[in-house]
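Summary of the model geometry
Take a look at the letters that make up each chain.
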Amino acid sequence: MESVVLDGLLRPKSIAVIGASTDPSKIGYTVVDNIIKSGFEGPIYPINPSADEILGLKVYSSIGDCPGEVDAAVITVPAKFVLSVIEEAGKKGVKGLIIITSGFGEVGNKELEAEVVAKAHEYGMRILGPNIVGTLSNAEKLNASFAPVLPLPGKGALVSQSGALLIAMDMATFTRKVGFEKLISIGNMSDVDFADLVEWLDNDDNTSCISLYIEGFKDGRKFLNAAKKAKKPVIALKSGVSAHGAAAAASHTGSLAGAAKVYGAAFQQAGVVQATDLGNLFDLSLALSLQPAMKGDNLMVVTNGGGVGVLSADAAEKYNLPLKFAPKELQEELKKHMPPFGSAKTPADLTGMAGYDWYHDSIKAAFSHEWVDGLTVLYCETAMTNPMDIAKGIKKAIDESGVTDKPVTVSFVGGENSEKAMQWLVENHIPAYAGPDVAIHAISALREYARMKEIVNEPEEKIENVDRAKAMEIIKAAREDGRNALTEIEAKDVFRAYGLPVTTTKLSKTEDQAVELANEVGYPIVMKIVSPDILHKSDAGGVKVNIKNDEACREAYQTIMANAKAYKADANIHGVAIQEMAPWGTEVILGSVNDSTFGPTMMFGLGGIFVEVLKDVTFRVAPVSTKSAARMISEIRGAPILAGVRGEAPRDQAVLAETISRYANMIVDLADEVSESDANPVLVYEEGKGLKVVDARIILK
Ligand code: COA
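A few points on the structure.

Cut-offs and rules
- Residues numbered from 1 in each chain as written.
- Predicted model: local features only at pLDDT ≥ 70, side-chain atom pairs only at ≥ 80, totals over all residues.
- Heavy atoms only, no water.
- 1 Å grid on protein atoms, 1.4 Å probe; cavity = no way out; pocket = protein on both sides within 12 Å on 5 of 7 lines; lining within 4 Å.
- Points joined across faces, edges and corners; volume = space filled by probe spheres on them.
- Helix = DSSP H or I, 4+ residues; strand = E, 2+ residues; numbered from the N terminus.
- Nonpolar A, V, L, I, M, F, W, Y, C, P; charged D, E, K, R; others polar.
- Axes fitted to C-alpha atoms, helices over the stretch in contact; angles between N-to-C directions.
- Parallel < 35°, antiparallel > 145°, perpendicular 65-115°, else oblique.
- Left-handed = near helix turned anticlockwise from the far one by under 90°.
- Contact = heavy atoms within 4.5 Å.
- Pairing = 2+ DSSP bridges.
- Buried < 20%, exposed > 50% of the residue type's maximum accessible area, 1.4 Å probe, protein only.
- Near = heavy atom within 4 Å.
- Polar contact = N/O pair within 3.5 Å; in protein donor to acceptor, adjacent residues only side chain to side chain.
- Expected span 1.5 Å × (residues − 1).
- Phe/Tyr/Trp six-rings, centres within 6.5 Å; stacked < 30°, edge-to-face > 60°.
- Bend = angle between axes of the 7 residues up to and from the residue.
- Core = buried A, V, L, I, M, F, W, Y, C linked by side-chain atoms within 4.5 Å.

**Focus on the layout of surface pockets**
- Taken as a whole, the largest pocket holds about 940 Å³ of empty space.
- Those elements that provide at least two residues to the lining of the largest pocket are α9 (259-270), β14 (273-274), α16 (436-456), β26 (617-621) and α22 (626-635).
- Here the lining of the largest pocket gets seven residues from one element, more than from any other, and that element is α16.
- Grouping the constituent residues of the lining of the largest pocket by class yields 14 nonpolar, nine polar and eight charged.

Right, dumping it as structure tokens:
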């Protein structure tokens, strides 16, 4: 149903421009001019109350007067007239509105924007914008925008939240020689958003890859779901990852959950390839729009120069696709197509003598070999060879191999002739780049895409043995007490209700009770101040460890109380926690934030100094399956510490993964209540011995 409505917007058979103008300096003129010049084949209806003819087209004073059906209407009247003109468009039966006009939500005029959306929906119309450049499609021969021309034709679609950038990228398609089938300006996303476009473009026969320039989502989860379902590659360039998350956070996790980490996690979970900058967005769009995903890790590189070969090996390692030696029989085969002083290892170096035949024959042999999952061909321009010949040899070899489910990327380093040859390759659907690093980055993105897609649709797990009522009771009591920070004991009780292994912790309100509880828990114990006003207990001198007997317990009780009062005289002190002293283990941190874009988000990392100084943490939008939790454990830099280094026994990673998964399910279950939380430290023991949550913090919404 939705796709059908977007068809009217993005694949219109007829189009009106409301606010068309005879004045060449106005956007309403440029849009009509662009629609005509782009060769749109359906009827074009300029709408203006006082003109008769614009650029040879008959003008209608109102959209209601147009003789035929109107699928899409481009709006170029000032903001104050938009509501009334779309009412008329609705009555006419228009399906999609391309609202170029600025002056809505982006300048705080949110009410008008909401009214416009409500009015459009009343008539079943969908809106692109407002505050956009428009939409351009080579296949539809339609430039319904004020960007100068249709982009260089290509196979991918580019959706941009920045209008100016869209125009700039439109022009850059010609200089960069990377074409796009469509450019769509998305502006304020009052109605149609990234998720809608991903869904629609995924079903558009003319689009093979979906590239996005993103400043922010209104609904991160909606995007995640759409991207997860997409059958075509989605590439995202997200800007504004530096400032987000700078807001004061009450937990470790909150302070570490910057946009770069959270968006990065979300993209990975959704199988979205992340571009690093604008140039990279072009480069990856080219590869992902022309080539299939790379289904295994075996990359073959064929080169005529040792230098670019070594550079490619460096790049392959950098982009997580390290080169491997090909099997003997493939090496033997390759040796037939190079001089005796060539090398059949990876990269296969055909030497500077390599011409058309050696390139052709070795590529054909390599590409059709079952060991090879992907191929990068490198070429340095020499006086012995003609770049165009080499390009043709590459293409012929690929075609003759009959292989269509493996990717290939190419890099020619040389002058104008190399450039022309690369252009020819691109026109023949083989992505070619000016440097080996870029060609390897591009093919590694095709590998990364396949890797992500393999795990995107893992089923979610429901955790069992959860006492949600108990957790809610604790939260409710704290709220009634006027607090939004749970005490350690309360936080641990919530964790316990979700089956997390927390250390036994009891609250003593007097010195005598402290001794009594210490004997119940069993020495040695840890004693900690319990006060909603003292979150950083150690800083306040509120923690004593390794208390071994009654006497030490009494002394610690008095010291902790005195320190707490000195730290904050009016602190509301609940008492002193008596806690079992957990044996030493590897310190890790588990935590959560309720991200404004993606909702409950889970963090895991090494604890103690590692989290404070090295920030060695990783994120996932919750929930998190046990399998995904295991990947979180293995992807931090400190993973070897948990896997067991220098003769140390491996830590209990299975229980850790299960605990992360449980925690992540808990924060989804309590998403309306919990804003941030930490289990820090969590001590992880040897395999088979589990772990203990030693300290806990929960901040309520
Ligand atoms: N129906 C049809 N046409 C109407 C109309 C109506 N109800 N009301 C006014 N018009 C006509 C005007 O008469 C004018 O035509 P004319 O030149 O023949 O007089 C035309 O619509 C445009 O109106 P005008 O008042 O001249 O506005 P403008 O062209 O100066 O500006 C916008 C209109 C939409 C371009 C401007 O308000 C705007 O939003 N600019 C920013 C757009 C932008 O940058 N967007 C992308 C950001 S990335």
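**Details of empty space enclosed by the protein**
- Summed over all chains, the structure comprises one cavity of 30 Å³ or more.
- Lining the largest cavity are M189, D193, F194, A195, F217, K218, D219, K222 and F223.
- Listing elements by their share of the lining of the largest cavity, those giving two or more residues are α6 (194-202) and α7 (220-229).
- When grouped by side-chain class, the residues that make up the lining of the largest cavity number five nonpolar, no polar and four charged.

**A few points about the packing of helix α10 (residues 278-290) against α16**
- Viewed as axis vectors pointing N to C, α10 and α16 meet at an angle of 60 degrees, and their least axial separation amounts to 9 Å. With respect to α16, the element α10 is oriented oblique. In this structure, α10 crosses over α16, and the sense of that crossing is right-handed. Contacts between α10 and α16 involve N280, D283, L284, A287 and L288 on the former and, on the latter, V438, H441, A442, A445, L446 and Y449.
- Its residues placed into classes, the contact of α10 with α16 shows eight nonpolar, two polar and one charged.

**As for the sheet that holds strand β11 (residues 182-185)**
- Spatially, β9-β8-β11-β10-β12-β13-β14 is the arrangement adopted by the seven strands of the open sheet, whose pairing is mixed. Each of the sheet's edge strands pairs with one partner strand only, and the pair in question is β9 (142-145) and β14.
- Where strand β12 (residues 209-214) lies against strand β13 (residues 234-238), five bridges are found, and the strand directions are parallel. Within the sheet, the bridge partner assigned to I214 lies in β13 and is K238.

**Concerning the sheet that holds strand β19 (residues 432-433)**
- Across the sheet, five strands lie side by side as β16-β15-β17-β18-β19; this open sheet has parallel pairing. Every other strand in the sheet has two partners, leaving β16 (348-349) and β19 as the edge strands with one partner each.
- Taken together, the six bridges between strand β17 (residues 374-380) and strand β18 (residues 408-413) define a ladder with parallel strand orientation. If you follow L375 over to β18, its bridge partner there is V408.
- Packing of α16 onto the sheet brings it into contact with β15 (299-303), β17, β18 and β19, and relative to β18 it is tilted by some 170 degrees.

**Here we look at the pairing of strand β24 (residues 586-595)**
- By the criterion of burial, β24 is predominantly enclosed, with eight of the ten residues buried.
- Here β24 pairs with strand β27 (residues 674-684) via seven bridges, running antiparallel. Within β27, the residue paired with E587 across the bridge is L683.
- Note that β24 and strand β25 (residues 599-606) share eight bridges and pair antiparallel. Bridge assignment links N594 to a residue of β25, and that residue is P600.
- Hairpin connection of β24 to β25: three residues between the antiparallel strands.

**Remarks on the packing of helix α3 (residues 79-92) against helix α4 (residues 110-122)**
- Close contact between α3 and α4 brings their axes to 9 Å; oriented N to C, the two are set at 10 degrees. By the angle between their axes, α3 is roughly parallel relative to α4. Contact residues: α3 offers A79, V82, L83, I86 and E87, while α4 offers L112, E115, V116, K119 and A120.

**Notes on the site of the ligand**
- What surrounds the ligand is a group of 21 residues, the closest being S21, K26, N48, I100 and S102.
- Separating a nitrogen atom of the ligand from a backbone N or O atom of I100 is a distance of 3.1 Å.
- Between the ligand and I132 there is a distance of 3.4 Å, counted from a nitrogen atom to a backbone nitrogen or oxygen.
- Of the residues assigned to the shell around the ligand, the class counts are twelve nonpolar, eight polar and one charged.

**Re α3**
- Taking 1.5 Å of rise per residue, 14 residues should cover 20 Å, and α3 covers 20 Å from first to last C-alpha, within 8% of that figure.
- Burial in α3 covers these residues: A79, V82, V85, I86, A89 and G90.
- Of the surrounding elements, those touching the buried residues of α3 are β1 (15-18), β5 (72-75), β6 (96-99) and α4.
- Immediately beyond the C-terminal end of α3, within one or two residues, lies G93, with a positive phi of roughly 95 degrees.

**Describing the packing of aromatic side chains**
- What the rule picks out here adds up to 13 aromatic pairs.
- Aromatic side chains F194 and F217 sit 5.7 Å apart centroid to centroid with 90 degrees between the ring planes, which places their arrangement in the edge-to-face category. Note that F194 is positioned in helix α6 and F217 in the loop between β12 and α7, a separation of 23 residues in sequence. Summarising the burial analysis for this pair, F194 and F217 share the class buried.
- Here the aromatic rings of Y263 and F598 are separated by 5.0 Å at their centres, their planes lie at 80 degrees, and the arrangement is edge-to-face. Within this pair, whereas Y263 is found in helix α9, its partner F598 is found in the loop between β24 and β25, the two being separated by 335 residues in sequence.

**Some thoughts on helix α5 (residues 163-176)**
- Here α5 is 14 residues long and its end C-alpha atoms lie 19 Å apart, about the 20 Å a rise of 1.5 Å per residue gives.
- At D170, α5 is deflected by roughly 25 degrees, the largest bend along its length.
- The complete set of buried residues in α5 reads G163, L165, L166, M169, D170, A172 and T173.
- Looking at the buried side of α5, the elements it contacts are β8 (134-137), β10 (156-160), β11, β12 and α10.
- Of the residues flanking the start of α5, the one acting as N-cap is S162, its side-chain oxygen 3.1 Å from the backbone nitrogen of L165.

**Things to note about the nonpolar core**
- Counting 80 residues, the largest nonpolar core has L288, M300, Y359, L375, I394 and F412 as the members making the most contacts within it.
- Here the element with the most residues in this core is α16; it accounts for nine residues.
- The contact partners of I394, leaving out residues within four places of it in the chain, are I363, V377, V410, F412 and I430.
- One finds L10, I210, F223 and F267 within the second-largest nonpolar core, a separate group that totals 64 residues.

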